Amino acid sequence: MVPVLGKPLMEYLVEHLARHGIREIMVNVAFHHHKIEEYFGDGNRWGVEIGYAYEGTREHGNVVPRPQGSAGGMRSIQDFGGFFDETTLVLCGDALIDLDITAALAEHRRQGAIASVMAQTVALADVQAYGIIGADANGRVRSFQEKPAPEVAHSTLASTGIYIFEPAVLRRVPAGTVYDIGSQLFQQLVAQQLPFYVQNRPFNWLDVGRLSDYWSVVQRALKGEIAHMPMPGQQVRPGIWVGLNTAIAWDDVQISGPVYIGSNVRIEAGTVIEGPTWIGHGSVVRAGARVTRSVVFEYTQIPVGMHVCDMVLARTYGFNRLGEPVCQGDRSPPLRWGDSRGLQVVREDRAIPPREVALAA
């Protein structure tokens with residue numbers, strides 16, 4: 001549900017599925033499930049039908065999430081109502097993709113695969129962060145290593161967490177058991193020498209599983225590097241988009257795009273905003289402040305003279321581009337941002353020296 005250009009990341013996935021004619025979507029939910037369910041509802045406004053399967057239990061009167069593993073959760077859904085009785089595309093909800101799903105499905109069927117995994121090549125030094133696929137010249141998977149050390153990795157082909165399964169795959173998952181796709185199900189498919197294939201096709205795969213990933217992805221999205229992610233609002237100057245009812249001292253500010261300024265945002269005189277930057281709706285950037293390559297969530301106040309650089313800030317928390325958290329009240333550097341709602345604007349009669357919140361090079 002983390003927003004990218006003002007929309008939850010999962011919404012881009014739903015839109016992408018709809019573009020490729022996929023109309024039935026089952027979402028496996030657990031922690032904070034209501035946030036997804038309330039936002040997406042039955043999926044009608046995207047031209048799809050969305051259902052939900054909750055993984056959890058009731059303990060001492062409280063409902064507690066109890067995930068059953070990536071494969072175990074699918075088996076539970078299948079046992080309940082047979083949803084996976086046809087060819088199924090499986091996606092993780094924390095990555096932006098532009099995979100040609102239609103072509104991937106055609107290749108899966110051409111190979112006669114029981115399972116296909118979408119992969120991309122990564123640097124050898126990074127293999128320990130991924131599931132690594134060993135395959136023959138025809139793309140048939142011969143090994144699957146879960147986050148191996150570089151010196152023992154069979155290849156640099158990394159699983160993207162995007163799979164195509166035939167119904168027979170789910171029958172190999174034990175019922176009522178926590179069971180993982182990568183570390184257990186794939187090992188089983190390899191051991192039984194079933195028609196399990198890898199597809200190493202070019203597509204954007206932008207994982208947002210870590211805080212540092214989020215900063216990087218938003219930077220790319222603001223620069224227009226990701227397909228099907230148009231900038232919202234109205235472009236009023238080259239590289240500058242604004243929402244409704246903004247109050248910006250245009251004659252006394254410096255704004256260099258790409259920058260988006262949301263609705264009911266106030267940008268006071270003397271401020272400098274350098275893109276790629278996103279200023280969420282209802283925020284206030286006070287006089288003399290500077291915002292550089294950052295994301296400012298809705299209703300956040302950037303105080304007089306403060307410099308925000310390479311950061312993501314919300315009303316009560318923030319982190320830098322490396323994913324390191326910062327807290328209000330830290331002594332070095334002093335952090336003074338806050339909530340803009342109900343802010344009373346007081347005229348500044350004296351110069352206030354700028355205070356910086358920046359990431360050292």
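Residues numbered from 1 in each chain as written. Predicted model: local features only at pLDDT ≥ 70, side-chain atom pairs only at ≥ 80, totals over all residues. Heavy atoms only, no water.

Focus on the sheet that holds strand β15 (residues 234–237)
Piece 1. Here we have eight strands laid out as an open sheet, ordered β15-β16-β19-β22-β25-β28-β29-β30, and mixed in their pairing. For this open sheet the edge positions go to β15 and β30 (325–326), each flanked by a neighbour on one side alone.
Piece 2. As paired strands, β15 and strand β16 (residues 240–242) are joined by three bridges and run antiparallel to one another. Bridge pairing in β16 links Gln234 to Val242.
Piece 3. Helix α7 (residues 211–222) contacts β22 (277–279), β25 (295–296), β28 (311–313) and β29 (318–320) of the sheet and is inclined by roughly 100 degrees relative to β28. (Pairing = 2+ DSSP bridges. Helix = DSSP H or I, 4+ residues; strand = E, 2+ residues; numbered from the N terminus. Contact = heavy atoms within 4.5 Å. Axes fitted to C-alpha atoms, helices over the stretch in contact; angles between N-to-C directions.)

Observations regarding the packing of aromatic side chains
Piece 1. By the definition in use, this model includes 12 aromatic pairs.
Piece 2. Their ring planes at 70 degrees and their centres at 4.9 Å tell us that Tyr39 and Phe40 sit as a pair that is edge-to-face.
Piece 3. Overall, the relative accessible area of 28% leaves Tyr39 in the partly exposed class.
Piece 4. With a centroid separation of 4.7 Å and 40 degrees between ring planes, the pair formed by Phe186 and Phe196 is classed as tilted. Residue Phe186 is located in helix α6 (residues 181–191), and its partner Phe196 is located in strand β13 (residues 196–199); the two are separated by 10 residues in the primary sequence.
Piece 5. Among the residues examined, Phe196 registers a relative accessible area of 0% and is labelled buried.
Piece 6. Put simply, the rings of Phe144, Tyr163, Phe165, Phe186 and Phe196 touch in pairs and so form one group of aromatic residues.
Piece 7. Positioned above the aromatic ring of Tyr39 is the side chain of Arg45, whose terminal nitrogen or guanidinium carbon lies 4.9 Å from the ring centre.
Piece 8. Over the face of the ring belonging to Tyr299 we find Arg341, whose NZ or CZ atom lies 5.3 Å from the ring centre. (Phe/Tyr/Trp six-rings, centres within 6.5 Å; stacked < 30°, edge-to-face > 60°. Buried < 20%, exposed > 50% of the residue type's maximum accessible area, 1.4 Å probe, protein only. Lys NZ or Arg CZ within 6 Å of the ring centre and 35° of its normal.)

Considerations on the nonpolar core
Piece 1. Within the largest apolar cluster, 49 residues are counted, with the highest numbers of intra-cluster contacts made by Val4, Leu5, Val14, Leu96, Leu99, Tyr214 and Met229.
Piece 2. For this core, the elements supplying multiple residues, two or more each, are α1 (9–19), β3 (24–29), α2 (33–40), β8 (95–97), α4 (101–110), β12 (157–165), β14 (205–207) and α7.
Piece 3. At seven residues, the largest contribution of residues to this core is made by α1.
Piece 4. In this view, Leu96 contacts Val4, Leu9, Tyr12, Asn204, Trp205, Leu206, Val217, Ile226 and Met229; residues no more than four positions away in its chain are not counted.
Piece 5. With 29 residues, the next largest nonpolar core counts Val117, Phe165, Leu185 and Val190 among its residues. (Core = buried A, V, L, I, M, F, W, Y, C linked by side-chain atoms within 4.5 Å.)

Considerations on the pattern of salt bridges
Piece 1. On inspection of all chains with the given rule, the structure shows 15 salt bridges.
Piece 2. Between Arg66 and Glu59 there is a salt bridge; the shortest N-O distance is 3.0 Å.
Piece 3. Arg66 sits in the partly exposed class, given a relative accessible area of 40%.
Piece 4. The partner of Glu107 in a salt bridge is Arg110, with the nearest N and O atoms 2.8 Å apart. Here Glu107 and its partner Arg110 are both found in helix α4, three residues apart, which amounts to about one turn of the helix.
Piece 5. When its relative accessible area of 22% is taken as the criterion, Glu107 is described as partly exposed. (Salt bridge = Lys/Arg side-chain N within 4 Å of Asp/Glu carboxyl O.)

Focus: α4
Residues that lie three or four places apart on an α-helix share one face, since the helix turns once every 3.6 residues.
Piece 1. Within the span of α4, buried status applies to Ile101, Ala104, Leu105 and His108. The arc that holds the buried residues of α4, viewed along the axis, is 100 degrees, so those residues lie on one side.
Piece 2. Those residues of α4 that are buried lie in contact with α1, β7 (88–90), β9 (115–121), β12 and β13.
Piece 3. Where α4 terminates, the next one or two residues include Gly112, which has phi positive at roughly 65 degrees. (Arc of directions from axis to C-beta.)

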